[in-house]
Amino acid sequence: MIVAEAVGRALAACGVGTAFGVVGSGNFHVTNALVAGGVRFVAARHEGGAATMADAYARMSGRVGVVSVHQGPGLTNALTGLTEAAKSRTPLIVLAGEATEVQSNFHIDQAALATAVGAVAMRVTSPQEAVSRAAEAYRVAVEERRTVLLNLPLDVQAAPFEGPVDVTPPAVASAVPAAGSSPGASGGSSAGASGGSSAGSPAGEVAGEAAELARLLGAAERPVFIAGRGARHARRELEELADLAGALLATSAVAKGLFRGSPWDLDVSGGFATPLAAELIRGADLVVAWGCALNMWTTRHGTLVSPGAKVVKVDLDPAAFKTHVPADLGVVGDVARVAEALAAQVAPRQGYRSPEIAARVRAEGRWRDVPYEDESGGGRIDPRTLSIGLDDLLPRERIVAIDSGNFMGYPSMFMDVPDEGGFCFTQAFQSIGLGLATAIGAAVARPDRLPVAALGDGGALMGTAELETVVRLGLPMVIVVYDDEAYGAEVHHFGPHGHPLGTVTFPPADLAAIARGHGFAAVTVGGPGDLAGVAEWVDGPRDRPLLVHAKVTAEHGSWWLEEAFKGH
Ligand SMILES: Cc1ncc(C[n+]2csc(CCOP(=O)(O)OP(=O)(O)O)c2C)c(N)n1
Ligand SMILES: [Mg+2]
């Protein structure tokens, strides 16, 4: 056995799930060793796609994602996706060959690249520590929720490896609690829960900051819970506490779907919030952010939080307390454990849950309840009508992945998802072009659900390398392209100021033909009547993926984008 093989075997023994990548000489042996160790390998067509697939896979499966790339350009191609993963604290391991000889064409400072984008850089430097380094990379990814680059110098990879591949996987069951599951004592996200507060201690005792939160919950007239990425595993615990405290429930975009089915679910807080959700969140006298930073998106630059409201954050990382909308009170701990402990302390009260509020949430709680004027016509479909039509047609057991752009709110707001495992939102770096690969990674993690990729024409064309991957993997995917023949976000950003727009507008491109060329079924939608073609696909054998090429109306910029421009 050589060192490269020992590293692959060690990671397989640690329990990595699926690996994604593009194989060249520098990662050939390590990838084959993963496969020999029982890991599924998914070949992407571009390393950028591979990185994002692994990120989405990790988010939706609760397991560590692995990306395998060639030295030099293999890694640089992966960088945007790795940055997204690092910013999102996705547990990810990047296996990269490394040309340490400075004369090599492939030589770059790979460790510096990784640290520059927020990842952790590690290196296997000898056969003796090959296995322990691989296990350490796994531990850091899981326990510290980091994206880890494990550099594999070519000469070290080729060296003989003596001895057994003997690893003791860290005592962590899963990296991110899987959608819908609640971690037990070994749950990954409880790592670090002992950070100074006594929240979550045995027997439901609370003290310190947690006791103060219990007091606030016992006194609040209009409490609202906003759950973020760090709460995706804690639906049951949060709902139980909210029932006692009379709190309304909302999420950040990345946790969309978490409270689906609750009569008190306001859906997403922030740019995508319904007018009712925005009104009720603004009306809160206590906002408790659970594993949620309350960033500018979730709070519309802070305006959704009333100046008179008390703000509390519960988070594994106390650094979150001071960032974005700052907390008046911070409780360190795992969200599920803290909520569980508090439930024993809070006496039932009505809080925000009056019959009048219940009736309003029923009547106005979804975007499709908000009246609008359908602007479809002239061979183009209103993106709201398109999204509502698709929401009606596509099976409910779906997993929706969203690219970035002006269009992005339409699917996020109008397409329902069954739970928090039905929405994959790789937007921490705000890169366009990640949507298709996000849908592929999510689809690999959740083969029980229909993957739906919602893309702009710009993001779709940037990601086309992976169309072949969708077909090759036999994914029953629906790709929806909101085609305005432009980088619409830029058009609506600069157009109103009279700037020339030739650099951000394009002639029509036949995206349906491009998809058919890859083996997709495709429907071009220029009005509501054309959605019949989608219905036909849904009712058919679904033996090929479907691309819906929607020519959308583009007179107006989306209003959530206007909000976003304030941040530029
Ligand atoms: C990688 C990357 N390049 C450029 C940008 C700047 N940018 C933001 S939105 C956008 C346009 C996206 O166009 P499209 O996918 O068609 O969506 P639309 O805005 O038209 O709805 C661009 C170029 C970005 N965010 N990421
Ligand atoms: Mg566009």
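A.B. asks: Could you give an account of the overall build of the chain, naming the residues involved and the relevant values?
C.D. replies: Looking only at helices and strands, the chain features 22 helices and 18 strands. Computed over the C-alpha atoms, the radius of gyration of the chain is 24 Å, within 12% of the 24 Å expected from 2.2 N^0.38 for a compact globule of 568 residues. Taken over the C-alpha atoms alone, the chain extends approximately 70 × 65 × 45 Å along its principal axes. The burial tally for the chain puts 58% of its 568 residues in the buried class. When contacts within the chain are restricted to residue pairs at least 6 apart in sequence, those whose partners lie at least 24 apart make up 75%. With an accessible surface of roughly 20900 Å², the chain has 54% of that area assigned to carbon and sulfur atoms. The positive charge centre, built from 44 side chains, and the negative charge centre, built from 61, are 3 Å apart in the chain.

A.B. asks: Which residues make up the site of ligand 1, and what values do they have?
C.D. replies: Contacts to ligand 1 come from 16 residues, most closely from Asn-406, Asp-457, Gly-458, Gly-459 and Gly-488. A distance of 2.7 Å separates an oxygen atom of ligand 1 from a polar side-chain atom of Asp-457. For ligand 1, the protein covers 77% of the area, taking 580 Å² as the surface of the free molecule. Residues of the shell around ligand 1, tallied by class, amount to 5 nonpolar, 8 polar and 3 charged.

A.B. asks: Tell me about the coordination of the magnesium ion (ligand 2), and please be specific about residues and values.
C.D. replies: Coordination of the magnesium ion (ligand 2) by the protein involves Asp-457 (OD), Asp-484 (OD) and Ala-486 (O), with metal-donor separations of 2.0 to 2.2 Å. Mapping the donors of the magnesium ion (ligand 2) onto the primary sequence gives the spacing D-x26-D-x1-A. Here Asp-457, found in helix H17 (residues 457-462), pairs with Ala-486, found in the loop between strand E16 (478-483) and helix H19 (488-494); they are 29 residues apart in sequence, far enough to count as distant. Note on Ala-486: relative accessible area 9%, which makes it buried.

A.B. asks: Lay out a negative patch on the surface in plain terms, naming residues and giving numbers.
C.D. replies: A cluster of like negative charges, contributed by Glu-373, Asp-374, Glu-375 and Glu-555, occupies part of the molecular surface. Relative to the assigned elements, Glu-373 resides in the loop between helix H13 (355-364) and helix H14 (383-393).

A.B. asks: Would you mind going over the side chain of Asp-315 in detail, with residue names and values included?
C.D. replies: The residue Asp-315 is located in strand E11 (residues 310-315) in this model. Among buried Asp, Glu, Lys and Arg side chains, Asp-315 stands out as unpaired, with Arg-145 the closest opposite charge at 5.5 Å. Here the side chain of Asp-315 touches Asp-317 through a polar contact of 3.0 Å, landing on its backbone nitrogen.

A.B. asks: I'd love a proper account of the layout of surface pockets, names of residues and values included.
C.D. replies: Estimated volume of the second largest pocket: approximately 290 Å³. Lining of the second largest pocket is provided by 19 residues; of these, Arg-260, Asp-265, Gly-365, Arg-366 and Asp-416 occupy positions nearest its centre. Contributing elements (two or more residues each) for the lining of the second largest pocket: strand E9 (265-268), H13 and helix H15 (409-414). Of the residues assigned to the lining of the second largest pocket, the class counts are 6 nonpolar, 4 polar and 9 charged.

A.B. asks: Report on the pattern of salt bridges, specifying residues and quantitative values.
C.D. replies: The final tally for this structure, using the stated rule, is 35 salt bridges. The salt bridge involving Arg-139 is made with Glu-144; its shortest N-O contact spans 3.3 Å. Residue class for Arg-139 comes out partly exposed when judged on its relative accessible area of 24%. Glu-144 gets classed as partly exposed once you look at its relative accessible area, which sits at 34%. A salt bridge links Glu-485 to Lys-551, with the shortest nitrogen-to-oxygen separation between them at 3.5 Å. Residue Glu-485 is located in the loop between E16 and H19, and its partner Lys-551 is located in strand E18 (residues 546-551); the two are separated by 66 residues in the primary sequence. Here Glu-485 matches Lys-551 in class, with each residue buried. Here the residues in one salt-bridge network are Lys-256, Arg-260, Asp-265, Asp-267, Arg-366, Arg-368, Asp-391, Asp-392, Arg-396, Arg-398 and Asp-416, joined through shared partners.

A.B. asks: Can you break down the packing of helix H10 (residues 275-282) against H13 residue by residue, with the values?
C.D. replies: Following both chains from N to C, one finds H10 and H13 inclined at 150°, their axes separated by 9 Å at the closest point. Considered as vectors, H10 and H13 are oriented roughly antiparallel to each other. Seen from H10, the contacting residues are Leu-276, Glu-279 and Leu-280; seen from H13, they are Ile-357, Arg-360, Val-361 and Glu-364. Class assignment for the residues of the contact of H10 with H13 results in 4 nonpolar, no polar and 3 charged.

A.B. asks: Go over the sheet that holds strand E10 (residues 286-290) with me, naming the residues and quoting the values.
C.D. replies: Overall, parallel pairing links the 6 strands, which are arranged E9-E8-E7-E10-E11-E12 in an open sheet. Each edge of the open sheet carries a strand with a single partner, namely E9 and strand E12 (329-332). Looking at each pair of strands side by side, their axes are set apart by 20° on average, direction ignored. Sheet topology note: the E10/E11 ladder contains 5 bridges and is parallel. Bridged to Val-287 within E11 is Val-311. Across the sheet, helix H8 (residues 208-219) lies against strand E7 (223-227), E10, E11 and E12, angled at about 125° from E12, the strand it touches most.

A.B. asks: Got a sec to walk through empty space enclosed by the protein? Specific residues and values, please.
C.D. replies: Empty space among the atoms becomes visible once a probe the size of a water molecule is rolled across them. Per the counting criterion, the structure on display carries 3 cavities of 30 Å³ or more. Taken as a whole, the largest cavity encloses approximately 60 Å³ of empty space. Forming the walls of the largest cavity are Leu-436, Leu-455, Ala-460, Thr-464, Leu-467, Ile-479, Val-481, Leu-511, Ile-514 and Leu-547. Counting residues per element, the ones that place at least two in the lining of the largest cavity are E16 and helix H20 (511-518). The computed volume of the second largest cavity comes to approximately 40 Å³. Leu-75, Leu-79, Leu-82, Val-94, Leu-113, Ala-114, Val-117, Ala-119, Thr-147 and Leu-149 together form the lining of the second largest cavity. Counting residues per element, the ones that place at least two in the lining of the second largest cavity are helix H4 (73-87), helix H5 (110-116) and strand E6 (147-153). The element contributing the most residues to the lining of the second largest cavity is H4, with 3 residues.

Parameters and conventions
Each chain has its residues counted from 1, following the order in which its sequence is written. Note on labels: chains are lettered from A, ligands numbered from 1, in written order. Under the rules for a predicted model, residues below a pLDDT of 70 receive no local features and side-chain atom pairs below 80 are neither given nor counted, while totals for whole chains, interfaces and linings still include all residues. Each side-chain value is worked out from all heavy atoms of the structure, with water and hydrogens disregarded. The helix count covers DSSP runs of H or I at least four residues long, the strand count covers runs of E at least two residues long, and both are numbered beginning at the N terminus. C-alpha atoms define the radius of gyration in this analysis, and the globule rule sets the expected value at 2.2 Å times the number of residues to the power 0.38. Accessibility here uses a 1.4 Å probe with only protein chains present; expressed as a share of the type maximum, an area under 20% marks a residue as buried, one over 50% as exposed, and anything in between as partly exposed. In this analysis, two residues are considered to be in contact whenever any of their non-hydrogen atoms come within 4.5 Å of each other. Here, Shrake-Rupley sampling with a 1.4 Å probe gives the accessible areas, and only protein chains in the shown set may cover a residue. When charges are counted, Lys and Arg are positive and Asp and Glu negative, with His and the chain ends excluded. Every charge is mapped onto a representative atom, which is NZ of Lys, CZ of Arg, CG of Asp or CD of Glu. Note on terminology: near, applied to a residue and a molecule or strand, indicates that one of the residue's heavy atoms is within 4 Å of it. Pairs of N or O atoms are called polar contacts if they sit within 3.5 Å, as long as, within protein, a hydrogen donor faces a hydrogen acceptor (for residues adjacent in sequence, only side-chain-to-side-chain pairs). Note on residue categories: nonpolar means Ala, Val, Leu, Ile, Met, Phe, Trp, Tyr, Cys or Pro, charged means Asp, Glu, Lys or Arg, and polar means any other residue, Gly included. Each metal site is built from N, O and S donor atoms within 2.8 Å (3.2 Å for Na, K and Ca), and since water is not included, such sites may look incomplete. Candidates for patches are residues over 30% relative accessible area with no salt bridge; among them, like charges are joined within 9 Å and nonpolar side chains (Val, Leu, Ile, Met, Phe, Trp, Tyr) within 5 Å. Basic side-chain nitrogens of Lys or Arg form a salt bridge, by our definition, when they fall within 4 Å of a carboxyl oxygen of Asp or Glu. Lining residues are those with an atom within 4 Å of a point, where the points come from a 1 Å grid over the protein atoms alone and group into cavities, where a 1.4 Å probe fits but cannot get out, or pockets, open sets with protein on both sides within 12 Å along at least five of seven lines. Grid points are joined across faces, edges and corners, and a volume is the space filled by probe spheres set on the points. Lines are fitted to the C-alpha atoms to define the axes, a helix being fitted only along its stretch in contact, and any angle between axes, read from their N-to-C directions, falls within 0 to 180 degrees. When describing relative orientation, an angle under 35 degrees is termed roughly parallel and one over 145 degrees roughly antiparallel, while 65 to 115 degrees is termed roughly perpendicular and anything else oblique. In this description, strands pair whenever DSSP reports at least two bridges between them.

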